[in-house]
Amino acid sequence: MSPKGFAHHDQKKRDTYESLRQEYDYIKGDIGRITEMNISDEAKKLPLEELQKQINEIKERMHDYIDTL
């Protein structure tokens, strides 16, 4: 996971496009690393599903941020 612990992101902190993009990139990197791991697809399933949920949340926050502009 990212060094800043984005899974526990403080929603009260004001999002910026840069912070959201950085968070998105960290999670995409995690997805890539898990996908490339030499473990069974079954073992990859749960973490990849959780990371996809986080990606969806970030996308929603990105849309919210754009709407405020």
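Preceding block: the structure.
Residues numbered from 1 in each chain as written. Predicted model: local features only at pLDDT ≥ 70, side-chain atom pairs only at ≥ 80, totals over all residues. Heavy atoms only, no water.

Q: What exactly am I supposed to notice about the overall build of the chain here?
A: Helices and strands together make up the secondary structure of the chain, namely two helices and zero strands. In the chain, buried positions account for 28% of the 69 residues. Across the chain, contacts joining residues at least 24 apart in sequence account for 62% of those joining residues at least 6 apart. Entry remark: accessible area of the chain is about 5,300 Å², with carbon and sulfur atoms responsible for 52%. (Helix = DSSP H or I, 4+ residues; strand = E, 2+ residues; numbered from the N terminus. Buried < 20%, exposed > 50% of the residue type's maximum accessible area, 1.4 Å probe, protein only. Contact = heavy atoms within 4.5 Å. Areas by Shrake-Rupley, 256 points an atom, 1.4 Å probe, with all protein chains shown as cover.)

Q: Looking at this model, I keep getting lost on the pattern of salt bridges. Mind explaining?
A: Pairs may arise between side chains of opposite charge once their charged atoms sit close together. Counted under the stated rule, the structure contains four salt bridges. Linking R61 and D15 is a salt bridge whose minimum nitrogen-to-oxygen distance equals 3.1 Å. Pair noted here: R61 is in helix α2 (residues 41-68) and D15 is in the segment before α1 (17-36), with a separation of 46 residues, a long-range link. Residue class for R61 comes out buried when judged on its relative accessible area of 10%. Between D25 and R21 there is a salt bridge, with the nearest N and O atoms lying 3.4 Å from each other. Separated by four residues within a single helix, D25 and R21 lie in helix α1, roughly one turn from each other. (Salt bridge = Lys/Arg side-chain N within 4 Å of Asp/Glu carboxyl O.)

Q: It is not clear to me how α2 should be interpreted in this structure. Could you clarify?
A: Counting along an α-helix, one turn takes 3.6 residues, and residues three or four places apart therefore face a common direction. With 28 residues, α2 should reach 40 Å at 1.5 Å per residue; the first-to-last C-alpha distance of 40 Å fits that figure. Regarding α2, the residues found buried are K44, L51, Q54, I55, I58, R61 and M62. Against the buried residues of α2 lie α1. (Expected span 1.5 Å × (residues − 1).)

Q: Just checking my understanding: could you explain a negative patch on the surface for this structure?
A: Where like charges cluster on the molecular surface, the negative patch consists of E50, E57, E60, D64 and D67. Note on placement: E57 falls in helix α2. (Patch = residues over 30% accessible without salt bridge, like charges linked within 9 Å, V, L, I, M, F, W, Y side chains within 5 Å. Lys, Arg positive; Asp, Glu negative; His and termini not counted. Charge placed at Lys NZ, Arg CZ, Asp CG, Glu CD.)

Q: It is not clear to me how the nonpolar core should be interpreted in this structure. Could you clarify?
A: Most often, soluble globular proteins have nonpolar side chains that are buried together. Judged by nonpolar contacts, L20, Y24, I27, I31, I34, L51, I55, I58 and M62 together constitute the single largest core of nine residues. Elements with a contribution of two residues or more to this core: α1 and α2. At five residues, α1 tops the list of elements feeding residues into this core. (Core = buried A, V, L, I, M, F, W, Y, C linked by side-chain atoms within 4.5 Å.)

Q: Help me out: how do you make sense of the side chain of K44 in this one?
A: Summarising the element assignment, K44 is placed in helix α2. Buried and unpaired, K44 has no salt bridge, with D41 as the nearest side chain of opposite charge at 4.1 Å. Dropping the residues within four chain positions of it, K44 is found in contact with I34, T35, M37 and I39.

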